[in-house]
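Letter by letter, the chains look like this.
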Amino acid sequence: LYLTLLYKIFGSNVMVARLFKALYGSILCVLVYKLASRSVNKQVGKMAAVFAMLMPNLIYYCGLHLKETEMTFLIVLFLERADFVLRSEKIKFRNILLPILIAGSLFLFRTVVGVVALFSFMTALAFGYNRMVKKGRRVVLALWVVIGVSILAGGTVINEVEEVWLNRHTNQENKRMEQTSRGNQWAQYATGVVMAPMAFVVPFATMVDVDEQYAQQLIHGGAFVKNIMGIFVLLAFYYALKGKKWRDFSLLGAFVIAYLAIISFSGFANSERFHFPALPVIIIMWAYGLSQLNAKNYRWVNAWYFVVLLMEFGWAFFKLGSRGFVSF
């Protein structure tokens, strides 16, 4: 429907859609700055915006005819507007309505994303922003969210969510069987228990040349950047908990943890495309983790370089072994 609208207005030229993707990507960097600035400070916001501007995968997806750029833009817009509402001194109808409408639109892209977006909003209301949101306002906001979602979503979305939940194990098993049948013999071991601890750094860059995986070959640079920057996600979690600032990150944390947990226990735990929607939030975590860097904890960054080296060689070994080229 979106592409049809663009083509009706501007003509059926694929470059028009790509240019709009570039525009959404540019606005996303600004939204990342606002979100990070409110959650931490302007210095972290500036770093996060620069990281988002230069992140290879965010640039690369502007040249693909996929929905990820638009979907990720709406996710960040939802988080920014929801954060604005939660930190506002006064409740205004239009301020509450906008994030609800954006969250509703996410169900048109991927049901799980819409569910996680609303879950993060409710989590932030219940546990976060303690100083900004009083009990009475929490009840009012929660009621608005519930009523708005009930009106916009109806029974169709509820049934779809239930179907996704009931089929979660079957979907993972079918995906692994399909990968195994194509020659990936070790794919059966990539279960949720194995993939969940690595959710903030996967997918790994690979040195294995797999025939016809052209898109995957192009994103290896971006995957390597994500692998290297993974240490700052760990630092962000550590200092957010140590400094008792987790409430300020309740909205972002609830979204990224819930979404990556669902992806890890699905059949797409190692798929870069399915990890992509969480990337802007992870970038904000990079910036916050980097802001906490000092002479004392820098040794963990140095050690991480060796961990990344082991991960890359381990992934290459896994890919070769899954195709029968190596064995224990």
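Bear in mind that the values here come from a model prediction, so they are computed numbers and not experimental data.

## Things to note about the overall build of the protein
The secondary structure content of the protein amounts to 16 helices and zero strands. Per-residue burial over the protein gives 47% buried out of 328 residues. Considering only contacts in the protein between residues 6 or more positions apart, those separated by 24 or more positions represent 76%. Surface accessibility of the protein: about 17,100 Å² in total, with carbon and sulfur atoms responsible for 68%.

## Structural notes on helix H7 (residues 111-127)
In this model H7 runs 24 Å from its N-terminal to its C-terminal C-alpha over 17 residues, within 8% of the 24 Å that 1.5 Å per residue would give. Taken together, the buried positions of H7 are Thr111, Val112, Val113, Gly114, Val116, Ala117, Leu118, Ser120, Phe121, Thr123, Ala124 and Leu125.

## Digging into the pattern of salt bridges
Here the structure, examined in full by the defined rule, presents seven salt bridges. Here Glu70 makes a salt bridge to Lys21, at a shortest N to O gap of 2.9 Å. Remark: Lys21 occurs in helix H2 (residues 14-39) and Glu70 occurs in helix H5 (residues 68-87); sequence separation between them is 49 residues. For Glu70, a relative accessible area of 10% translates into the label buried.

## Some points on the environment of Ala52
Examined against the element boundaries, Ala52 turns out to sit in helix H3 (residues 42-54). Under the relative-accessibility criterion, Ala52 is labelled buried at 3%. Along the chain, Ala52 and Pro280 lie 228 residues apart, while their C-alpha atoms are 6.9 Å from each other.

## Some words on a nonpolar patch on the surface
Together, Leu5, Ile9 and Phe10 line one region of the surface with nonpolar side chains, adding up to about 320 Å² of accessible area. By the element assignment, Phe10 lies in helix H1 (residues 2-10).

## Thoughts on helix H6 (residues 93-106)
For H6, built from 14 residues, the straight-helix expectation of 20 Å at 1.5 Å per residue is met to within 8% by its first-to-last C-alpha distance of 21 Å. For H6, the set of buried residues is Asn95, Ile96, Pro99, Ile100, Ile102, Ala103, Ser105 and Leu106.

## Concerning the packing of H5 against H6
Orientation of H5 relative to H6, taken along the N-to-C sense of each, is 155 degrees, at an axis distance of 9 Å. Considered as vectors, H5 and H6 are oriented roughly antiparallel to each other. Our pair here, H5 against H6, has a crossing hand that is left-handed. Here H5 contributes Met71, Leu74, Ile75, Leu77, Phe78, Arg81, Ala82, Phe84 and Val85 to the contact with H6, which in turn contributes Asn95, Ile96, Leu98, Pro99, Ile102, Ala103, Ser105 and Leu106.

## Examining the confidence of the model for the protein
Per-residue pLDDT for the protein has a mean of 80; in total, 76% of the residues score no lower than 70. Within the model, pLDDT remains below 50 along residues 178-183, and this stretch shows eight contacts once partners closer than five positions in the same chain are excluded.

## Notes on the packing of aromatic side chains
This model, assessed by the stated rule, comprises 12 aromatic pairs. Relative to Tyr24, the ring of Phe20 lies with its centre 6.2 Å away and its plane at 40 degrees, an arrangement referred to as tilted. Taken as a pair, Phe20 and Tyr24 lie in helix H2 at a separation of four residues, close to a single helical turn. Here a set of aromatic residues connected by ring pairs shows up, and it is made of Phe10, Phe20, Tyr24 and Phe73.

Rules behind the numbers
- Residues numbered from 1 in each chain as written.
- Predicted model: local features only at pLDDT ≥ 70, side-chain atom pairs only at ≥ 80, totals over all residues.
- Heavy atoms only, no water.
- Helix = DSSP H or I, 4+ residues; strand = E, 2+ residues; numbered from the N terminus.
- Buried < 20%, exposed > 50% of the residue type's maximum accessible area, 1.4 Å probe, protein only.
- Contact = heavy atoms within 4.5 Å.
- Areas by Shrake-Rupley, 256 points an atom, 1.4 Å probe, with all protein chains shown as cover.
- Expected span 1.5 Å × (residues − 1).
- Salt bridge = Lys/Arg side-chain N within 4 Å of Asp/Glu carboxyl O.
- Patch = residues over 30% accessible without salt bridge, like charges linked within 9 Å, V, L, I, M, F, W, Y side chains within 5 Å.
- Axes fitted to C-alpha atoms, helices over the stretch in contact; angles between N-to-C directions.
- Parallel < 35°, antiparallel > 145°, perpendicular 65-115°, else oblique.
- Left-handed = near helix turned anticlockwise from the far one by under 90°.
- pLDDT = per-residue confidence, 0-100.
- Phe/Tyr/Trp six-rings, centres within 6.5 Å; stacked < 30°, edge-to-face > 60°.

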